[in-house]
Amino acid sequence: MKLILLGAPGAGKGTVAKLLTKLDGSVQISTGDILRGAVAAGTELGMKAKAAMEAGDLVSDDLIMGIMADRLKEDDCKPGYLLDGFPRTIPQAEALKVMLTNMGEKLDCVVNIDVPRDVILDRLTTRRTCESCGEIYNVKSNPPKAEGVCDKCGGPVTQRADETEEAISNRLDVYNEKTAPLAGFYEKEGMLLTVNATSSDAVIEAIKAKIGK
Ligand code: ADP
Ligand code: ZN
């Protein structure tokens, strides 16, 4: 399947994407993970993205479109892909539309995961992430078996640099201003599925019902 997952930071895009990869072999593509990897590796891309990311601001559309133009051409995208955290601005959505048309591809739908702000705030402040493989934990509801150590890969599980209270509040403002309008954009394209759900399983069921898989 080919989906876009829309939703505020902490809405559960990553968790839902990981569950969906298990259904049909579609690959999760998270621009946030790609960028964090580049920052950790100290590449040129990482150096360009680092300051914006730490402040909770968006990285430039040009940088993101460069990454995605290459990424969507890779072989593992053939069975399908789950776009997690991309597109995030109207110009990115418009550029993606052109890119997909040129590639002769069509998305199944755009899933808008709608979660109340208080739930989001609570999730983000308690969220912890594996620095090596990106696995997501929660200090309250889903801690790693050994504190600070990833169950899957043994990597360090830490709080992201952009998950301080100040950066979180900025990310939510940026989301409302720049990304929330994408729901209207995809509504007009006739592709939007809005799910009001706080459980990832309910989101998965709604997606299956919509695209018939
Ligand atoms: P979130 O939990 O906010 O959804 P992500 O892991 O998707 O976090 O992204 C982390 C950061 O990476 C964002 O705050 C932003 O700085 C940058 N980023 C990720 N995807 C994009 C994008 N499509 N456009 C611009 N910036 C992005
Ligand atoms: Zn890990």
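Residues numbered from 1 in each chain as written. Chains lettered and ligands numbered in written order. Predicted model: local features only at pLDDT ≥ 70, side-chain atom pairs only at ≥ 80, totals over all residues. Heavy atoms only, no water.

S.K.: Is there a simple way to explain the overall build of the chain in this structure?
M.R.: The helix and strand tally for the chain stands at 9 helices and 8 strands. A compact globule built from 213 residues should have a C-alpha radius of gyration of about 17 Å, and the chain, at 16 Å, falls within 12% of that. Its C-alpha atoms put the chain at 45 × 40 × 35 Å along the principal axes. For the chain, with 213 residues in total, the buried portion stands at 46%. If you take every contact in the chain between residues at least 6 apart in sequence, the share linking residues at least 24 apart comes to 71%. Within the structure as shown, the chain displays about 10,600 Å² of accessible surface, and the carbon and sulfur contribution to it stands at 52%. (Helix = DSSP H or I, 4+ residues; strand = E, 2+ residues; numbered from the N terminus. Rg over C-alpha atoms; globule rule 2.2 N^0.38 Å. Buried < 20%, exposed > 50% of the residue type's maximum accessible area, 1.4 Å probe, protein only. Contact = heavy atoms within 4.5 Å. Areas by Shrake-Rupley, 256 points an atom, 1.4 Å probe, with all protein chains shown as cover.)

S.K.: Sorry if this is basic, but what is going on with the site of ligand 1 here?
M.R.: Taken together, 19 residues are adjacent to ligand 1, and Thr31, Arg36, Asp57, Arg127 and Arg171 come closest. Between ligand 1 and arginine 160 there is a distance of 3.2 Å, counted from an oxygen atom to a side-chain nitrogen or oxygen. Considered on its own, ligand 1 offers 550 Å² of accessible surface; in the complex 97% of this is hidden by protein. It is helix α2 (residues 31-41) that provides the largest number of residues to the shell around ligand 1, a total of 4 residues. (Near = heavy atom within 4 Å. Polar contact = N/O pair within 3.5 Å; in protein donor to acceptor, adjacent residues only side chain to side chain.)

S.K.: Please explain the sheet that holds strand β7 (residues 157-158) as it appears in this structure.
M.R.: In a beta sheet, neighbouring strands are held together by backbone hydrogen bonds and run either parallel or antiparallel to one another. Strand order across the open sheet formed by 3 strands is β6-β5-β7, with antiparallel pairing between neighbours. Pairing within the sheet leaves two strands with one partner each, and these edge strands are β6 (136-138) and β7. Lying over the sheet, helix α6 (residues 117-126) contacts β5 (127-130) and β6, oriented at roughly 45 degrees with respect to β5. (Pairing = 2+ DSSP bridges. Axes fitted to C-alpha atoms, helices over the stretch in contact; angles between N-to-C directions.)

S.K.: Would you take a moment to explain the packing of helix α1 (residues 13-24) against helix α9 (residues 200-211) for this structure?
M.R.: Two quantities define a packed helix pair, namely the angle between the helix axes and the distance between the axes. Between α1 and α9, the shortest axis-to-axis distance is 10 Å and the interhelical angle comes to 50 degrees. Here α1 lies oblique to α9, going by the angle between them. For α1 against α9, the interelement crossing comes out right-handed. On the side of α1, the interface is formed by Thr15, Val16, Leu19, Leu20 and Leu23, while α9 contributes Ser200, Asp201, Val203, Ile204, Ile207 and Lys208. Across the contact of α1 with α9, the residue classes break down as 7 nonpolar, 2 polar and 2 charged. (Parallel < 35°, antiparallel > 145°, perpendicular 65-115°, else oblique. Left-handed = near helix turned anticlockwise from the far one by under 90°. Nonpolar A, V, L, I, M, F, W, Y, C, P; charged D, E, K, R; others polar.)

S.K.: When you look at the layout of surface pockets in this model, what are you seeing that I'm missing?
M.R.: Empty pockets left among the atoms are what a rolling probe the size of a water molecule brings to light. Reported here for the second largest pocket is a volume of approximately 480 Å³. Around the second largest pocket sit 19 residues that line it, and Arg36, Gly37, Ala40, Glu131 and Arg160 are the ones nearest its centre. For the lining of the second largest pocket, the secondary structure elements donating two or more residues are α2, α3 (44-55) and β5. Ranked by the residues each element gives to the lining of the second largest pocket, the list is headed by α2, at 5 residues. Partitioned by chemical class, the residues of the lining of the second largest pocket number 6 nonpolar, 6 polar and 7 charged. (1 Å grid on protein atoms, 1.4 Å probe; cavity = no way out; pocket = protein on both sides within 12 Å on 5 of 7 lines; lining within 4 Å. Points joined across faces, edges and corners; volume = space filled by probe spheres on them.)

S.K.: Please clarify how the pairing of strand β3 (residues 81-84) should be interpreted in this entry.
M.R.: Consecutive side chains of a regular strand alternate in pointing toward one face of the sheet and then the other. Covered by surrounding structure in β3 are Tyr81 and Leu83 together with Leu82 and Asp84, the residues of both alternating faces. As judged from the 4 bridges shared by strand β1 (residues 2-7) and β3, these two strands associate in the parallel manner. If you follow isoleucine 4 over to β3, its bridge partner there is leucine 83. Bridge count for strand β2 (residues 27-30) against β3 is 4 bridges, and the pairing is parallel. Paired with glutamine 28 across the two strands is leucine 82, which belongs to β3.

S.K.: Help me understand the coordination of the zinc ion (ligand 2), please; the structure alone is not making it clear to me.
M.R.: Geometrically, a metal with four donors at the corners of a regular tetrahedron has ideal angles of 109.5 degrees, and one with six donors at the corners of a regular octahedron has ideal angles of 90 or 180 degrees. Protein coordination at the zinc ion (ligand 2): the donors are Cys130 (SG), Cys133 (SG), Cys150 (SG) and Cys153 (SG), at 2.3 to 2.4 Å from the metal. Every donor counted, the 4 donor atoms about the zinc ion (ligand 2) form angles of 101 to 114 degrees at the centre, which fits tetrahedral coordination. On the primary sequence, the residues serving as donors to the zinc ion (ligand 2) are separated as C-x2-C-x16-C-x2-C. With cysteine 133 in the loop between β5 and β6 and cysteine 153 in the loop between β6 and β7, the pair connects residues that are 20 residues apart, well separated along the chain. Given a relative accessible area of 41%, cysteine 153 falls into the partly exposed group. (Donors = N, O, S within 2.8 Å, 3.2 Å for Na, K, Ca; no water. Tetrahedral: all angles 85-135°; square planar, octahedral: opposite > 155°, others 65-115°.)

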